[in-house]
Amino acid sequence: MLNRQGRPTTPGTSVTAAHLTFTGNKALAQIEPLIFEIGRLDVTGVDYAAPKPFISRLGGLERKNEIGLPGLSEPEAMRHYVRLSQKNYGIDTGLFPLGSCTMKHNPRVNEKIARMPGFGDVHPLQPVSTVQGALEVMHTLSHWLMELTGMDAVALSPKAGAHGELCGMMAIKAAIAAKGESATRNVVLVPDSAHGTNPATAALIHFVVKAVPVRDDGTVDPKVVAELAGPDTAAIMLTNPNTCGLFERDVVAIADAIHAAGGYFYADGANFNAIVGKTRPGDLGVDAMHINLHKTFSTPHGGGGPGAGPVVLSERLAPFAPVPFVRHTDEGFELAEDTAQATQHGAHAFGRMTAFHGQMGMYVRALAYMLSHGADGLRQASEDAVLNANYIRAGLADLMSLPFGNRPCMHEVLFDDAWLKDTGVTTLDFAKAMIDEGYHPMTVYFPLVVHGAMLIEPTESESRASLDLFIATLRDLAFSVQRGETERFTGAPYHAPVKRMDETRAARSPVLKYAPPAPIVEAAE
Amino acid sequence: MRYLPLTQEDRSGMLAKIGVDHIDALFADIPADKLLSSLPKLPLHKGEIEVERVMGRMAARNVSASSVPFFVGAGAYKHHVPATVDHLIQRSEFLTSYTPYQPEIAQGTLQYLFEFQTQVAALTGMDVANASMYDGSTGCGEAVLMAHRVTKRTKAVLSGGLHPHYAGVVQTLSEMAQAEVVALAPDLLASEDLLSHIDETVSCVVVQTPDFFGNIRNLRAIADKCHAHGALLIAVFTEVMSLGLLTPPGEMGADIVVGEGQSIGNALNFGGPYVGLFATKSAYVRQMPGRLCGETMDAEGTRGYVLTLSTREQHIRRDKATSNICTNSGLCSLAFTIHMSLLGQTGLKRVAEINHANAVAMANLLAGVSGVSVLNTSFFNEFTVRVPGNAAHLVEQMAARGVMAGVPVSRLLPDAGLDDVLLVASTEVNTDEDRAAFVEALKEVL
């Protein structure tokens, strides 16, 4: 009975040349203005009845001027942000091999659990008797983290990885002060391959940063550390596995050298996903290490946070952990919320990192993830992450250049741009061409110790079929480079919602907020 | 295991392709005696149904804010968040993306950050805002360090009305960064003499309004004196909704405005994750911490957005960076932006009025209870009351009667001699029935 009016049901002639549209939209790819261009000052998407008349007690400081922010009705808001979301690439879109960031699958049961009223709708300063389950989450998470790292204590409150670094380095600073060595012990050794947050953290609390050159194989030489370490050494900040994707095989000797000099070993735990259940930082001589719950333990990256950066501490640093911390007593769970309370329990807390108790929403998700995987699943996840990275290495080693040779890597594999030399294609061009092929690019130009770095971290979340297609795609791109098809790269991306962005222009005359267009003034007659 | 796509067959096939016969060959760089021979002493994997059960049991041991008459504030507030917000932030493209390093496939994130920055600048009355800090307290610490960079001085004066946790964060950070802090005594009635502490040695003065005790403060005289002596005024808020009704700090001369954005878009979450709002004057933008999103064009002249001025940041400047911050509060700032877009200035003003009206109604009721006195002359949605006896004890007793009465000041200021002072917050979620239940329970325990 359908289609009696001659409605065509075959596509007809295929035309490859695209027509410009009236709207600028391209079907599902919609142009979307700013809310300030579509909202109106007198519109709101919430309905509240005006309060009954009352005598205001604002002390004469009522706002006199309009805020100047428009509102949207609910359907307009929904459409606006859905359209914006469609201009984003996420883990759920496709392979997201952003090295050092561990873009693994985010299980949705964790989102569901974090939104249980008993977790999401609980205030941090309710009576402790009414939040025993929340404190149990913190206590249980701490237990898992200590068990997996072989460390003695956990400071849960840091808000993200860099904040965890700050916490760990503050504990080290406090320990040095307690020994009366503050005046002399102020140098922190940081390998050239380190994340930028490491030297930034050390400098923030007035340590002097001394660079440690990386040896030819991409790792740190304990002999160099021993030479650089001395009575002025506060600590070394070492990422292990390091940012070249390699396990620091001399880590124990490095720890020994630092300890022999009287310093502490801070480990950047950004790459913990490679070694969970395989080895324990505590057994390697680590004194402090932050753990990015949003990397290793799968709390969503959320477009740039929120993260969570709990710090595990060795026996030597444990007493200096900041407040708050949870204690389990016969009466239940308690919170030590200020340094005086901490002292009552024999601690020397160095202070406070943040208001309240840290990233509870992330603790819940991370613990749910850990319970799901269990000890066996966590180890399997690390093994699969390492296996996947090596599979990519094996699949590309003949075409792309490995700066430290074709040897096993950990959970990420580092290429440099030697293979692109004289091709007219840069690392950035190659990355942008990957966008056209439907992939998020790898981390580029980091670490700084190799030229034109491409750091690929597939994570354990990829199937073999997904990896095979990824490898085939990168091989096709590499052959294309060899054939001199430079336009495929230098003009890329061709198929993204926008063409390549002009970052220089943005920085030269920064426009950091919306300004309404100047009103048109009509000329007087 | 449901999160791991590889089968045993995949694994052995892949190992063969790599050219090794056992997975541990890939871990050969780990010293042999440090490679774990057995699994960690932790439970084995669980199905989703079991995980929900275990976590659900823990959740059930907490009393949720919506389940009782709820008046707890002190820096985190129970507000109604439209369902649209939580739906949108769970869209995969937002939830599972990361810092927009590749702007061509992150315009969604970048555009909402640009909207966020515009909203925060407008609310605070400042020129520019960044793309978020972890929360208000850490943003406050960063603001102090920024003031030191701008003024090339190292002494911060903290008002006694500053949230004690914020003061704690500033003190910890300052001590570690070898900077001086003068923290004034807890200032219950906003009667401190801040002006006398401002001189040529001071880098910045940190004042909160509404302050920790709920008092609304006029910052103009403090700003004037700061500027006369080359110091900066850092204005702090813990309740962003107050900016719907109150004169913004930017209009009172603040140089840096920093605060907690949780109230718009974000759930209580037992204290985090929240979202730090950070705004300043254009002149200081290159000393700001954190990410900044800026407008630009693509190769064809189409408007778009990128992260910009990153030469301030750790991944470029390493030990010369303005801050070590990297991951911040992306998704919480999205929640803020969406909720703020739904409110608009009209809705924000309305909901702020309701907050104030409910707090006034609560204060009036409590003022009528024998033995209880309201201490504030001005407030927005939170105020202090003096109660007969110990406020912490009273809060516990009222909790046992199913009313969350507020925060005993002694919990955050144990040595201030304010054991009989209770902070009471009231927002748009409170009803006449909630207030009646509060008064009834209070009378029972007094």
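Draft legend 1. Quick peek at the overall build of chain B. Broken down by element type, chain B carries 13 helices and 13 strands. A globule of 446 residues ought to have a C-alpha radius of gyration of about 22 Å, and chain B, at 25 Å, matches this closely. Seen along its three principal axes, the alpha-carbon backbone of chain B occupies a region of about 80 × 55 × 50 Å. By residue count, 63% of the 446 residues in chain B fall in the buried class. In chain B, 72% of the contacts between residues at least 6 apart in sequence involve partners at least 24 apart.

Draft legend 2. Structural context of the overall build of chain A. Looking only at helices and strands, chain A has 15 helices and twelve strands in total. For chain A, the spread of C-alpha atoms along the three principal axes comes to 85 × 75 × 65 Å. Counting across all 525 residues of chain A, residues that qualify as buried make up 58%.

Draft legend 3. Fine view of the interface of chain B and chain A. Between chain B and chain A, the contact holds 171 residues from the first and 174 residues from the second. Here the element with the most residues in the side of chain B that touches chain A is helix α10 (residues 330-367) of chain B; it accounts for 22 residues.

Draft legend 4. Local environment of helix α9 (residues 251-260) of chain A. Residue and element names in this part refer to chain A. Buried residues of α9: Val 251, Ile 254, Ala 255, Ala 257 and Ile 258, and no others. Taken end-on, α9 shows its buried residues confined to a sector of 160°, consistent with a single buried face. The inward-facing, buried residues of α9 abut α8 (222-228), β4 (233-239) and β5 (264-268). Phi turns positive, to about 90°, at Gly 262, one or two residues after α9.

Draft legend 5. Main features of the sheet that holds strand β12 (residues 454-456) of chain A. Residues and elements named next belong to chain A. The sheet built from three strands is open, its strands ordered β10-β12-β11 with antiparallel pairing. Both outer strands of the open sheet, β10 (413-415) and β11 (443-444), are each paired with one neighbouring strand and no more. Note that β10 and β12 share three bridges and pair antiparallel. Pairing of Phe 415 across the sheet is with Met 454, part of β12.

Draft legend 6. Region of interest: the confidence of the model for chain B. Put simply, chain B has an average pLDDT of 97, and 100% of its residues get 70 or more. Here the predicted complex carries an ipTM of 0.98, next to a pTM of 0.97.

Draft legend 7. Highlighting the environment of Arg286(B). All names here are of chain B. As for its placement among the helices and strands, Arg 286 is situated in the loop between β7 (276-280) and β8 (293-297). When the 14 C-beta atoms within 10 Å are taken as the criterion, Arg 286 is described as partly exposed. In this structure, the C-alpha to C-alpha distance between Arg 286 and Arg 312, residues 26 residues apart in sequence, is 6.7 Å. Sequence-distant contacts of Arg 286, that is, excluding residues within four places in its chain, are made with Leu 309 and Arg 312.

Draft legend 8. Local environment of the pairing of strand β3 (residues 208-212) of chain A. Residues and elements named next belong to chain A. Looking at chain direction, strand β2 (residues 187-191) and β3 are connected through five bridges and run parallel. Each bridged residue has a counterpart across the sheet, and for Leu 189 the counterpart in β3 is Lys 210. Handedness of the crossover is the feature at issue here: the chain leaves β2, passes through helix α7 (residues 197-204), returns alongside β3, and the resulting connection is right-handed.

Draft legend 9. Main features of the environment of Tyr101(B). Relative to the helices and strands, Tyr101(B) is located in the loop between α4 (92-95) and α5 (107-124). Distance from Tyr101(B) to Val306(B), taken between C-alpha atoms, is 8.4 Å for residues 205 residues apart in sequence.

Draft legend 10. Representation of the nonpolar core within the structure. Counting 321 residues, the largest nonpolar core has Ala171(A), Val205(B), Val206(B) and Ile234(B) as its most contacted members. A total of 21 residues in this core trace back to one element, the largest contributor, which is helix α11 (residues 360-396) of chain A. Ignoring anything within four residues of it in the chain, the contact list for Val205(B) reads Val157(B), Leu194(B), Ile198(B), Ile222(B), Cys226(B), Ala231(B), Leu233(B) and Ile234(B).

Draft legend 11. Representation of the packing of α11(A) against helix α1 (residues 8-18) of chain B within the structure. Relative to each other, α11(A) and α1(B) sit at 40°, their axes nearing to 9 Å. As the angle between them shows, α11(A) and α1(B) are arranged oblique. In this structure, α11(A) meets α1(B) at a crossing whose hand is left-handed. Residue-level contacts link Leu387(A), Asn390(A), Tyr391(A) and Ala394(A) of α11(A) to Arg11(B), Met14(B), Lys17(B) and Ile18(B) of α1(B). Considered class by class, the residues forming the contact of α11(A) with α1(B) number five nonpolar, one polar and two charged.

Draft legend 12. How the structure looks around the pairing of strand β11 (residues 382-386) of chain B. Residues and elements named next belong to chain B. Counting buried positions along β11 gives four out of five residues, so the element sits mostly inside the fold. Pairing geometry for strand β10 (residues 373-374) and β11, over two bridges, is antiparallel. Paired with Ser 373 across the strands is Arg 386, a residue of β11. Examined bridge by bridge, β11 and strand β13 (residues 421-425) share five bridges and lie antiparallel to one another. Considered in β13, the bridge of Arg 386 is made with Val 421.

Draft legend 13. Up close: the sheet that holds β4(A). Residue and element names in this part refer to chain A. Pairing in this open sheet of seven strands is mixed, and the strands run β1-β7-β6-β5-β4-β2-β3 from one edge to the other. With one partner strand each, in any of the chains shown, β1 (153-155) and β3 form the two edges of the open sheet. For this sheet the average axis-to-axis angle between neighbouring strands, irrespective of direction, equals 25°. Of the strands in this sheet, β1, β4, β5, β6 (288-290) and β7 (311-313) touch helix α6 (residues 161-178), which is tilted by about 165° from β6. Helix-sheet contacts for α9 involve β4 and β5, and the interaxial angle to β4 is about 165°.

Draft legend 14. Layout of unusual backbone geometry. With an omega of 0°, the peptide bond between Val323(A) and Pro324(A) qualifies as cis. Relative to the elements of secondary structure, Pro324(A) occurs in the loop between β7 and β8 (325-329). Backbone torsion omega between Gly272(B) and Pro273(B) reads 5°, so that peptide bond is classified as cis. When you line up the elements, Pro273(B) lands in the loop between β6 (256-260) and β7. Residue Ser132(B) is not a glycine yet carries a positive backbone phi of 110°. Along the chain, the position of Ser132(B) falls in the loop between β1 (128-129) and α6 (136-151). The backbone of Lys152(B) sits at a positive phi, close to 55°, despite the residue not being glycine. Within the secondary structure, Lys152(B) is located in the loop between α6 and β2 (155-158). Residue Lys152(B) is classed as exposed on the basis of its 8 C-beta neighbours within 10 Å.

Draft legend 15. How the structure looks around the domain arrangement of chain B. All names here are of chain B. We note that the domain assignment places domain 1 (69-79 + 345-445) and domain 2 (83-339) within chain B. Of note, the centres of domain 1 and domain 2, computed from C-alpha atoms alone, are 27 Å apart. With 26 residues of domain 1 at the contact, the number on the domain 2 side is 23 residues. When residues of the side of domain 1 that touches domain 2 are traced back to their parent elements, those giving at least two are α10 and β11. With seven residues, the top contributor of residues to the side of domain 1 that touches domain 2 is α10. Counted by class, the side of domain 1 that touches domain 2 contains 14 nonpolar, eight polar and four charged residues.

Draft legend 16. The arrangement of the environment of Asp193(B) in detail. Summarising the element assignment, Asp193(B) is placed in the loop between β3 (180-183) and β4 (204-208). Measuring from C-alpha to C-alpha, the distance between Asp193(B) and Gly160(B) comes to 9.9 Å, with 33 residues separating the pair along the chain.

Draft legend 17. Up close: helix α2 (residues 74-85) of chain A. The first and last C-alpha atoms of α2(A) sit 16 Å apart over twelve residues, in line with the 16 Å expected at 1.5 Å per residue. Considered for burial, the residues of α2(A) that qualify are Ala77(A), His80(A), Tyr81(A), Leu84(A) and Ser85(A). The buried residues of α2(A) all sit within an arc of 135° when viewed along its axis, so they share a single face. Buried residues belonging to α2(A) abut α1 (35-38) of chain A together with α3 (83-89), α4, α5 and α10 of chain B.

Reading the values: the criteria
- Residues numbered from 1 in each chain as written.
- Chains lettered and ligands numbered in written order.
- Predicted model: local features only at pLDDT ≥ 70, side-chain atom pairs only at ≥ 80, totals over all residues.
- Helix = DSSP H or I, 4+ residues; strand = E, 2+ residues; numbered from the N terminus.
- Rg over C-alpha atoms; globule rule 2.2 N^0.38 Å.
- Buried ≥ 20, exposed ≤ 12 C-beta atoms within 10 Å, placed from the backbone.
- Contact = placed C-beta atoms within 7 Å.
- Arc of directions from axis to C-beta.
- Pairing = 2+ DSSP bridges.
- pLDDT = per-residue confidence, 0-100.
- Right-handed = clockwise from strand over helix to strand, strands pointing away.
- Core = buried A, V, L, I, M, F, W, Y, C linked by C-beta atoms within 7 Å.
- Axes fitted to C-alpha atoms, helices over the stretch in contact; angles between N-to-C directions.
- Parallel < 35°, antiparallel > 145°, perpendicular 65-115°, else oblique.
- Left-handed = near helix turned anticlockwise from the far one by under 90°.
- Nonpolar A, V, L, I, M, F, W, Y, C, P; charged D, E, K, R; others polar.
- Domains from an automatic or database assignment.
- Expected span 1.5 Å × (residues − 1).

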